[in-house]
Amino acid sequence: MTQFDESDAFEGASLSARAMSARPAPYLDGLNPAQLQAVQTVDGPVLMLAGAGTGKTRALTARIAHLMAQGKARPNEILAVTFTNKAAREMRDRVGAMMGEVAEGMPWLGTFHSVCVKLLRRHAELVGRTVPDPLLEGGSRELFLKSNFTILDTDDQNRLLRQLIVAADMDEKKWPPRMLAGIIDHWKNRAWTPDKIPAAEAQAFDGQGVALYRQYQDRLLTLNAVDFGDLLMHVIGIFQTHDDILQKYRNWFRYILVDEYQDTNVAQYLWLRLLAGGHRNICCVGDDDQSIYGWRGAEVGNILRFEKDFEGAEIIRLEQNYRSTPHILAAASAVIAGNKGRLGKTLWTEAEEGEKVRLIGHWDGDEEARWIGEEAESLQRGTRGLDPKSLDDMAILVRASHQMRAFEDRFLTIGLPYRVIGGPRFYERLEIRDAMAYFRVVVSPDDDLAFERIVNTPKRGLGDKAQQTIQVMARSNGISLLEGAKLCVATKTIGGKGGAALKELCDGFDRWRAELLDGRDHIRLAEEILDESGYTTFWQNEKTPEAPGRLENLKELVKALEGFENLQGFLEHVSLIMDNEQSQDEPMVTLMTLHGAKGLEFPVVFLPGWEDGLFPSQRSMDESGVKGLEEERRLAYVGITRAEEICTISFAANRRVYGQWQSALPSRFIDELPEAHVEVLTPPGLYGGGFGAIGMAAAQHAAMSGGVTSNLQEQAAKADVYNSPGWRRLQSNATRPLRQPSEARNLTIDATAVSAFTEGDRVFHTKFGYGEVIAIEGDKLDVEFDKAGSKKIVGRFLLPAEQAGDVPF
DNA sequence: CGAACCGTGCTTTTT
DNA sequence: GCACGGTTCG
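Residues numbered from 1 in each chain as written. Chains lettered and ligands numbered in written order. Predicted model: local features only at pLDDT ≥ 70, side-chain atom pairs only at ≥ 80, totals over all residues. Heavy atoms only, no water.

**Student:** An account of the nonpolar core is requested, with residue identities and associated values reported.
**Tutor:** Core analysis: the biggest nonpolar cluster contains 74 residues, and Phe 239 and Trp 271 have the highest contact counts within it. No fewer than three residues from each of domain 1 (21-108 + 253-320) and domain 2 (141-228) sit in this core. With residues up to four places along the chain from it excluded, the contact list for Trp 271 reads Leu 79, Val 81, Phe 112, Val 115, Cys 116, Leu 119, Leu 232, Val 235, Ile 236 and Phe 239. By size, the runner-up hydrophobic cluster in this structure holds 44 residues, among which are Leu 516, Ile 523, Ala 526 and Ile 529. (Core = buried A, V, L, I, M, F, W, Y, C linked by side-chain atoms within 4.5 Å. Buried < 20%, exposed > 50% of the residue type's maximum accessible area, 1.4 Å probe, protein only. Domains from an automatic or database assignment. Contact = heavy atoms within 4.5 Å.)

The structure is reproduced here in C-alpha cells:
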C-alpha cells in the first residue's frame, strides 16, 4: 500500500508567490455589485445563485484570481471543479487572461472526473476486495486496484456485463446489459457500494442486480479497471476509510469552487462535503432553474438545501442578465414560473427592446426544416432591417438528437453549411475504438476486453468457436486472453487457417510490444500497428460510403498522438477528454441538443419541435411525472435563454416517427409563453394565427385526425401531468390512419440544373422517388411526387427520368 | 465461417 | 427507418 507522501503529492507545488503577485490584474473591473460581493466574500460557505447569462463564469474566475492575488491560496491549493472539459478549459483561459501563466499552475482545476482520476491514481492501492478465486476450490484471494488502471467506456462496460448476465443464466434479451449498466450507474451516482444497496432497490434486475453488481466490481478489479461511476465512488471510499488522507487533502485544498452545482449527484455532493468539511471554504455556483440532468442522478435538492448543509452560508444572487433582450428574458421567465419549489430569482436587463420571441407552426417536420433553412439564409443576407448575421451566430437547438436528421437532410440539399455538436464523439466511433483496442493490448497485454474486441477485427476467420476456445484456454490456465491465444497456437488447439491468422496476430503483438519497450517513436508505432494488423487495409477495401471518412478519422487519431509523449499517456487521457474540436474554416449554423447548449449563447436561436410528447418528452413525463415535466420546463428555459437577439420557437403538426406519420399538438410550454412578448408568425387560417387560437386550432386539428381515443383518456386519468388545459386531453398516441402530408403536397426542391427540365417532365429523386415537374420558378422546381420517402437516400440529385437509371439505389 | 436475408424494437438527454 | 441480432445458406 502506498503511504500518503506530501512531497510528491501535488504537482506545481513549487510555484512561487512571485508569479502571483507579479500582476495586479484588474480582475475586479466592470463587475456589478452582486458579482463583486461574490468575488470578495472569501471565507466560509458561499452559494452564488446565478441566473442565465448573468456573468457567472466571470465572477467565478475573478474569485479565483482574487484568492491568489490576496495570497489566500497558491494556484495549486485551489480545487475548482466543473462538469465538462469545455467549462474547465474556459475557466483556465479566463484565469490565465487575468493572472497570466499562473493558471497553468492549477492542477486541481478540472472536471469532477479528471480530478478524481488524479486522486485515484495516487491512492488506487487502497481500493481492494477479497474475492473468491475459481481456481482455488473454496479459496479466495485479495485484489487491489493498481494506479495504472484503465477507464472503461460504455461499450466495454456492456460487454463485461453481458458476460456476467449470461453466466448467471439470465435471458440477456429480457435483461439487457444496458439496463443493468443503468441500474449500477444509478447506484454509483448515489455512492452505494454493493453492501449498501437499500432493500427496496435490491429487487432490481430480477432480484439479481446486487449480486451482479458485486461480480462486476470483482471483475473490474481483476481487470485493473474502473468505470466512470467508480472514479468518484472509490475516492469517497478512500476518504471515508482513511482519515489521515482525508485530512491531508482537506488542509491542502484551501478553497473549493464548484460550477453548475445544481447538476451534482449524491456522490459528488458527498465528495464535496468530505473535502470541505474542515474549513468550509466552499463556493458553489449554480442555477436551480437550469438543472436538466436529473436523469443522470443530479439532485436539484443539493442546491436547494445548501443553506442547511453549510450553516451560515452566504447566498448571493446574480440577477442582472447581460445576454438577452427584454422580450426573450420575459418569455423565459414566464415559462419557468410554471415550476414549483424554485429558489426564485428575478432576472432583469438594461438591454434595448429588440424583437419579440417568434412563434411559428408548420404542417410537418420537413417544412419546419425548410423554413428554418430559408430563415437562416435570409438572416445571413440581412432581413427586416437587421444587420446581416454570420451563420456562426445561429444555432438550432433540439430536444432529442434524432430531430437533427431532418435539418441535416435539408441543409445538405440547399448547401447550407452546418456543424453538429455532440453527435457520436470522435473517440466513440467504431474505427477509433477498434484502433485504440489495438493500442491497449500493446500497452497492457492483459487487457482482455480490448483483445476480445479486435481478435477478429478485421475478420481473420476466428469465429465464436475459436474465440470460445481461447477463453477456455485462458481461464483454465489463469492467464490473459492474449497468452491463452498464444497457447492455443502453440498447442495447435486452433489450427488451420484461423490458427495461422491467430499466430500472425500474436506475433504482431509481441513485436509491437517489444518496440514499445524499446522506446520506439509512438506515432510510427501506432501507424505500424494499424498497417501490419491489417486494420487500415480492411477499411481501404471496404466500399461502403462511410469508409473514406473512417480512414480519415484514423489518420486524425494518429495525428492526435503528437500531443502526447507515449501511447500510455495518450490512452489515459482519451477516456476523459472526449470533445471533438471541429475545424472552423467557414461560418456554419450550429445544430445541437438543448442539453449540449447549456452554458452557450447565440445571437440567433431556433427552437424547433415544440410539440407535446416530443418536448416535453413523453418519456420523461411517463417516467417521472410532474418532476419530469418540471425538468423539461427547465430545459425550455435553458433553450430560450441561449438567445441573445432573435429567438424563434416552432412546432409541426405532423412528424415522421419510426417511419410512421404521427400528429401532435403544440407543446404546453407554448401556452405558457407570455402573449405580450411573442409574435405569432403562423399564417392565419392554418393554425388560427393567434394565441388563444392555438388551443382552438389544436382542437380542430385533433378532430381532423381522428379525435379522442379511449387510450388517451386512460392516460389522462392516470397522471395530473395531463390535466393542464382541457383541450390538451384530446391528444392521442394511439395509432390511427393519418393523411400522409408529403404524398398529397407539392414539394419545392432545389434543382442542381434547372435548365435540364421542362414542365410535365417525369423525374426521379433519390429521396422522394418518382414525380412530375409541375412548375419552374427561377432556380427552383415544383415537383409533385408520386409517393414520399419510398427509397433509400443515396445521393441527392434530381434528374430527368431517363437518366434516373444511372442513379444507384 | 461469413455473407445475405429477415425480424424486432427503438430515440431523450451525457461525464 | 434503421440498426442490430438472429437465422439461413453457400
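**Student:** Talk me through the sheet that holds strand β10 (residues 314-318); I want residue IDs and the actual numbers.
**Tutor:** Strand order in the open sheet formed by six strands is β3-β2-β8-β9-β1-β10, with parallel pairing between adjacent strands. Of all the strands in the sheet, just β3 (109-111) and β10 have a single pairing partner and so form its edges. Each strand of the sheet is rotated relative to its neighbour by a mean of 15 degrees, with strand direction disregarded. With three bridges joining them, strand β2 (residues 78-82) and β3 adopt parallel strand pairing. Within the sheet, the bridge partner assigned to Ala 80 lies in β3 and is Leu 109. Across the face of the sheet, helix α4 (residues 56-69) comes into contact with β1 (46-50), β2, β8 (255-258), β9 (282-286) and β10 while running at roughly 170 degrees to β8. (Pairing = 2+ DSSP bridges. Helix = DSSP H or I, 4+ residues; strand = E, 2+ residues; numbered from the N terminus. Axes fitted to C-alpha atoms, helices over the stretch in contact; angles between N-to-C directions.)

**Student:** Can you lay out the domain arrangement of chain A for me, pointing to particular residues and giving the numbers?
**Tutor:** Accessible area lost upon the coming together of the parts serves often as the stated size of an interface. Domain boundaries assigned for chain A yield domain 1 (21-108 + 253-320), domain 2 (141-228), domain 3 (337-417 + 587-680), domain 4 (427-580) and domain 5 (761-803). Using only C-alpha atoms to locate each centre, domain 2 and domain 3 end up separated by 38 Å.

**Student:** Give me the packing of aromatic side chains: which residues, what numbers.
**Tutor:** Per the stated rule, a full pass over the model turns up 18 aromatic pairs. For the pair Tyr 261 and Phe 306, a centre-to-centre distance of 5.7 Å together with 85 degrees between the ring planes defines the contact as edge-to-face. Pair noted here: Tyr 261 is in the loop between β8 and α12 (266-276) and Phe 306 is in helix α14 (residues 306-309), with a separation of 45 residues, a long-range link. Feature note: the residues Tyr 438, Phe 451, Phe 509, Trp 512 and Tyr 535 constitute an aromatic cluster, connected by ring pairs. The positively charged end of Arg 121 is found above the aromatic ring belonging to Phe 149, 4.2 Å away from the centroid. Against the face of Tyr 269 rests Arg 305, its NZ or CZ located 4.8 Å from the ring centre. (Phe/Tyr/Trp six-rings, centres within 6.5 Å; stacked < 30°, edge-to-face > 60°. Lys NZ or Arg CZ within 6 Å of the ring centre and 35° of its normal.)

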